[in-house]
Protein chains: 2
Amino acid sequence: MNDFPLSQVYQLLEPGPVVLLTTADRGRANVMTLSWHMVVEFEPPLLACVVSSDDFSFAALRATGECVIAIPALELAAKTVEIGNVSGSKLDKFQTFGLTPVPAEQVAAPLIAECIANLECRVVDSRLVDTYNLFVMEVVQAWHDPEQAAAKTFHHQGYGRFVVDGDTLELASKMR
Amino acid sequence: MNDFPLSQVYQLLEPGPVVLLTTADRGRANVMTLSWHMVVEFEPPLLACVVSSDDFSFAALRATGECVIAIPALELAAKTVEIGNVSGSKLDKFQTFGLTPVPAEQVAAPLIAECIANLECRVVDSRLVDTYNLFVMEVVQAWHDPEQAAAKTFHHQGYGRFVVDGDTLELASKMR
C-alpha cells in the first residue's frame, strides 16, 4: 500500500461506498460493515459516521477514539456482507473471513491488506455520540493500493441489495 | 409524485448519490448541489449533511431550518453540475436551469418535479453547525416518482468526475 494524499481522501468516500471499519480495544481487533458515513471537510480530512450502539465496535470506537475506514472492492462484496451479518463479540472476524490485519502507523486499529484504501482515523468530536451514535473523525493517515486503482466499489440500497460502480462521467465542474 | 414510506427513505440516500437541496427564505427559492450527506437513523428517518457556509443556501437553511433533498437521475447530471457551479445569490436557478418547483406539504422549500424522489426535511439538531456546517435533519415527508423507479443515480468522485450506477447485486444480508 502506498501513502495517499490527505487532500484527496474525500474523493474516496464522497461517492458513498460500503466500507469496513476496524477497531482495536485492549489488543483485540474487530471489523464491521458501514454505510452511514460522509465527508465533513476537505483538509485536514474530516468524516462523520454513525456506528450503532448495538454494534460490538461501538464500545471500542468510543473507548479508544480510533479506527480505520477501509474501502473494499467488488471482489470483497460477499465477505463484506458476511462481516456485517455477525458480531465480533462472538468471533475473530479477520480470521473467520480471511482478511489480513496490517499494523497502522498512527492508530491501534489495523489496516486491511485486501482493501483498495485504508484511512487511519481519530475521533475529534463526540458531541453527537450520545444522541445519534454520530462520530466526527479526522483522517490522520491514508493508504492506497496501486494495484486496485481501477477497482469498483459497491453501495448499499438496503436489505442486501447493492449497486456496483458503472460508467464514469466527466462534466465541467467547478466543484472540488 | 407518490407518497413514499418514511421507513424506506434510508434506501434512497445510503448509496451516496449526488443530490439537490432546495431552500426557501422569505419567498425566495434556491437550489444547490450536495454530496456530503449520510443517513443517521432509520425511522423516523434522520439525515446529516454539510452545507458550506460559503454557499448561498447556508443562511436560508440555518434561518428557516427547512429544506428539501431531491434526488436527480442521470438525465439531470449536466444540470446538477451546472447548479453546483453558480451561486443562487446571482440568479433564479429554477428558472435558469428549467427545473419545476412544486409546493411541498410540510416545509416552505419546494420539491423538484423532475427528480426521482423528494424528501421534506426539518433541522432537528444544530449543535455542529458552527463548527462543521453540519446539520442533522428529520425527513418529515417523502415523495417518489413511480415513472423513475428504474432511474440511475450518480456519485461524485471529485473535480467533475462521476460514477453512474451500474449492475445490482443481491447478497444474503441481515443488514437492513
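About the cut-offs
- Residues numbered from 1 in each chain as written.
- Chains lettered and ligands numbered in written order.
- Predicted model: local features only at pLDDT ≥ 70, side-chain atom pairs only at ≥ 80, totals over all residues.
- Heavy atoms only, no water.
- Pairing = 2+ DSSP bridges.
- Helix = DSSP H or I, 4+ residues; strand = E, 2+ residues; numbered from the N terminus.
- Axes fitted to C-alpha atoms, helices over the stretch in contact; angles between N-to-C directions.
- Phe/Tyr/Trp six-rings, centres within 6.5 Å; stacked < 30°, edge-to-face > 60°.
- Buried < 20%, exposed > 50% of the residue type's maximum accessible area, 1.4 Å probe, protein only.

### Focus on the sheet that holds strand β12 (residues 161-170) of chain B
Across the sheet, 4 strands lie side by side as β11(A)-β12(A)-β12(B)-β11(B); this open sheet has antiparallel pairing. With partners counted over all chains shown, the strands left at the sheet margins are β11 (154-156) of chain A together with β11 (154-156) of chain B, one partner each. Shown here is a sheet whose adjacent strand axes are inclined to one another by a mean of 40 degrees, direction ignored. In this sheet, β12 of chain B lies alongside strand β12 (residues 161-170) of chain A in antiparallel orientation, the contact comprising 7 bridges. Along β12 of chain B, the bridge assignment pairs Thr168 of chain A with Val163 of chain B.

### Here we look at the packing of aromatic side chains
Residues and elements named next belong to chain A. Taken as a whole and judged by the stated rule, the model has 8 aromatic pairs over all chains. Seen from their ring centres, Phe58 and Phe135 are 5.7 Å apart, and the 65 degrees between their planes marks the pair as edge-to-face. In this pair, Phe58 sits in helix α2 (residues 56-64) while Phe135 sits in strand β10 (residues 134-144), placing the two residues 77 residues apart along the sequence. According to the relative accessible area criterion, Phe135 is buried, its value standing at 1%. A centroid spacing of 5.8 Å and a plane angle of 75 degrees characterise the contact between Phe154 and Phe162, whose relative ring orientation is edge-to-face. When its relative accessible area of 1% is taken as the criterion, Phe162 is described as buried.

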